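# Overview (structure and organization)
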Amino acid sequence: MDSYSESVYNKVVEKDPGQKVFHQAVLEVLETLEPAIQKFPKYKENAILERIVEPERIIQFRVPWLGKDGKIQVNRGYRVQFNSAIGPYKGGLRFHPTVTQGMLKFLGFEQIFKNSLTGLPMGGGKGGSDFDPKGKTDAEVESFCHNFMLELYRHIGQFIDIPAGDIGVGGREIGYLYGAFRKLTNDHGTCVLTGKGPLYGGSLVRPEATGYGTVYFVEEMLKTQKQDMKGKTVCVSGSGNVAQFATEKCIDLGANVIALSDSSGWIHDPDGIDREKLAWIKELKNVRRGRIKEYAEHFNVSYSSDGSPWSLKCDVALPCATQNEVDGAEAKALVDNDVLAVGEGANMPCVPEAIEIFLESKILYGPGKAANAGGVSVSGLEMAQNSMRYFWTREEVDNRLHEIMRNIHASAYKTSEMFGDKGNYVLGANIAGFLKVADAMIEQGYTA
Ligand code: NDP
């Protein structure tokens, strides 16, 4: 790294030494931005790197709620409003016991570049809580969501900040959060949350969008090598929202998904997951809120609580669970087994060593900022439909999503070529996403 980028990075570490995943996300971006920073001195002259790594605002708050035994519980809530140069803050809410301010800063930072890549006017933000919805009753989740919104509602709005879902925040939670917002403000807010149910303003294809978009992105990468998804063997991690719909799109395109996981273990179904089995998984995960192990018992296939699906031979790998879930040894195993493409449905699922292995081996590697941008893209389309007081059909939304993913791919690919490393989507996506935000910041003056 050059001395300018290095000094910015060192300050980030110095200021918040405990925020490891945030440091990791910043380092990856700064390293890949170097050719752009060298080519255009205006970014250093305008202190863009120093400004872009510092959130515009962080809100942290107490969330008391009632447990089923009637006892008061307390969790911590956050909203990181990272960058609003190109539009209102936009990004999901994560409810998971591992949530910290540092984790949300990493996710909010990634969101800046991802949202810019979509071509829609959305800034970057992220929020959530260390509340764990797992094992809680609906009433407990409702109590938590209402009390979370009791503070959050002051900080959001259609032209300010529009949260959505993420890990632990699906349709049920968005419904409770939206209901609370409406009661508190006596206002529908036009579009104050995305991922809403279609009965109250949600967009069709929003639940599917991240998973579908990831597969659309992988399809585009494969096209550069005159390949497609048909007949490909695919391993997917996770079995939540992104994993389910990535699997569905693979089935649509004639690919065979042979593995899925959750935080307890993973299943291997060599015959492949068909539509019927996927419907069973959706019921298991979204209604019964059970474990993926039950799939192995029900369909009589293997289950393991050790290792990961990345030890299997596959053509396409789609990490769709969580950050840092693919380590160096697993990346090597995938490459040794001749994987053609890796598409990140999750945010930062591959550790830096794994990314290096993918880039060195010249396989097709689609980083999350580009490959999983389908979710926020359809959130952007949900905002557009709400503003119009109208809705688009499923087909219209899906076509727009597909077009956006093709454009993101083209922009990342073209930018990688322009900066001398054709096919390096990490470099291409980071630089393409950065240039628009950085130029908008310069045009708006140094206080922006
Ligand atoms: P869900 O909560 O619906 O599903 C998460 C899945 O990942 C679950 O199967 C969960 O298992 C599993 N998981 C979580 N932590 C771990 C872990 N430490 N090891 C193994 N598996 C784990 O979340 P989403 O599907 O919405 O999100 C998945 C990823 O995609 C996240 O990185 C998220 O940031 C990213 N993403 C999501 C978008 C969206 O629109 N939803 C948009 C863009 C990115 P378990 O049930 O056991 O916890």
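Residues numbered from 1 in each chain as written. Predicted model: local features only at pLDDT ≥ 70, side-chain atom pairs only at ≥ 80, totals over all residues. Heavy atoms only, no water.

## Notes on the site of the ligand
Around the ligand lies a shell of 24 residues, among which Asp-166, Thr-210, Ser-263, Arg-291 and Asn-347 are the nearest. Between the ligand and Arg-206, the relevant distance is 3.2 Å, taken from an oxygen atom to a side-chain nitrogen or oxygen of the residue. For the shell around the ligand, the secondary structure elements donating two or more residues are α8 (206–223), α9 (241–252) and β7 (256–262). Of the residues contributing to the shell around the ligand, the split by class is five nonpolar, 12 polar and seven charged. Taken domain by domain, the makeup of the shell around the ligand includes at least three residues from each of domain 1 (3–188) and domain 2 (209–366). (Near = heavy atom within 4 Å. Polar contact = N/O pair within 3.5 Å; in protein donor to acceptor, adjacent residues only side chain to side chain. Helix = DSSP H or I, 4+ residues; strand = E, 2+ residues; numbered from the N terminus. Nonpolar A, V, L, I, M, F, W, Y, C, P; charged D, E, K, R; others polar. Domains from an automatic or database assignment.)

## Notes on the pattern of salt bridges
For the structure on display, the rule yields 25 salt bridges. The salt bridge partner of Asp-166 is Arg-94, with a shortest N-O separation of 2.6 Å. Highlighted residues: Asp-166 in the loop between β5 (161–164) and α7 (171–185) and Arg-94 in strand β3 (residues 89–95), separated in sequence by 72 residues. Each of the two residues, Asp-166 as well as Arg-94, counts as buried. The salt bridge partner of Asp-252 is Lys-249, with a shortest N-O separation of 3.3 Å. Taken together, the positions of Asp-252 and Lys-249, both in helix α9 and three residues apart, correspond to about one turn of that helix. Of the residues examined, Asp-252 reaches a relative accessible area of 35% and is grouped as partly exposed. (Salt bridge = Lys/Arg side-chain N within 4 Å of Asp/Glu carboxyl O. Buried < 20%, exposed > 50% of the residue type's maximum accessible area, 1.4 Å probe, protein only.)

## As for the packing of helix α1 (residues 3–15) against helix α2 (residues 20–39)
Put simply, α1 and α2 touch, their axes get as near as 10 Å, and they point 165° apart. Accordingly, the angle class assigned to the pair α1 and α2 is roughly antiparallel. Here α1 runs over α2; the crossing is right-handed. Touching Tyr-4, Ser-5, Val-8, Tyr-9, Val-12 and Val-13 of α1 are Phe-22, His-23, Val-26, Leu-27, Leu-30, Glu-34 and Ile-37, all from α2. Its residues assigned to classes, the contact of α1 with α2 comprises 10 nonpolar, two polar and one charged. (Axes fitted to C-alpha atoms, helices over the stretch in contact; angles between N-to-C directions. Parallel < 35°, antiparallel > 145°, perpendicular 65-115°, else oblique. Left-handed = near helix turned anticlockwise from the far one by under 90°. Contact = heavy atoms within 4.5 Å.)

## Quick word on empty space enclosed by the protein
What the rule picks out here adds up to one cavity of 30 Å³ or more. Here the largest cavity defines a volume of roughly 60 Å³. Residue lining of the largest cavity: Glu-28, Glu-110, Glu-344, Met-348, Pro-349, Cys-350, Ile-355, Tyr-365, Pro-367, Gly-368 and Lys-369, and that is the complete set. Among the residues making up the lining of the largest cavity, the classes are represented as six nonpolar, one polar and four charged. (1 Å grid on protein atoms, 1.4 Å probe; cavity = no way out; pocket = protein on both sides within 12 Å on 5 of 7 lines; lining within 4 Å. Points joined across faces, edges and corners; volume = space filled by probe spheres on them.)

## Some points on the layout of surface pockets
It is the rolling of a water-molecule-sized probe over the atoms that shows where space remains empty. Of the pockets and cavities examined, the second largest pocket occupies roughly 290 Å³. Residue assignment places the lining of the second largest pocket across two domains, with domain 1 (3–188) and domain 2 (209–366) each supplying three or more.

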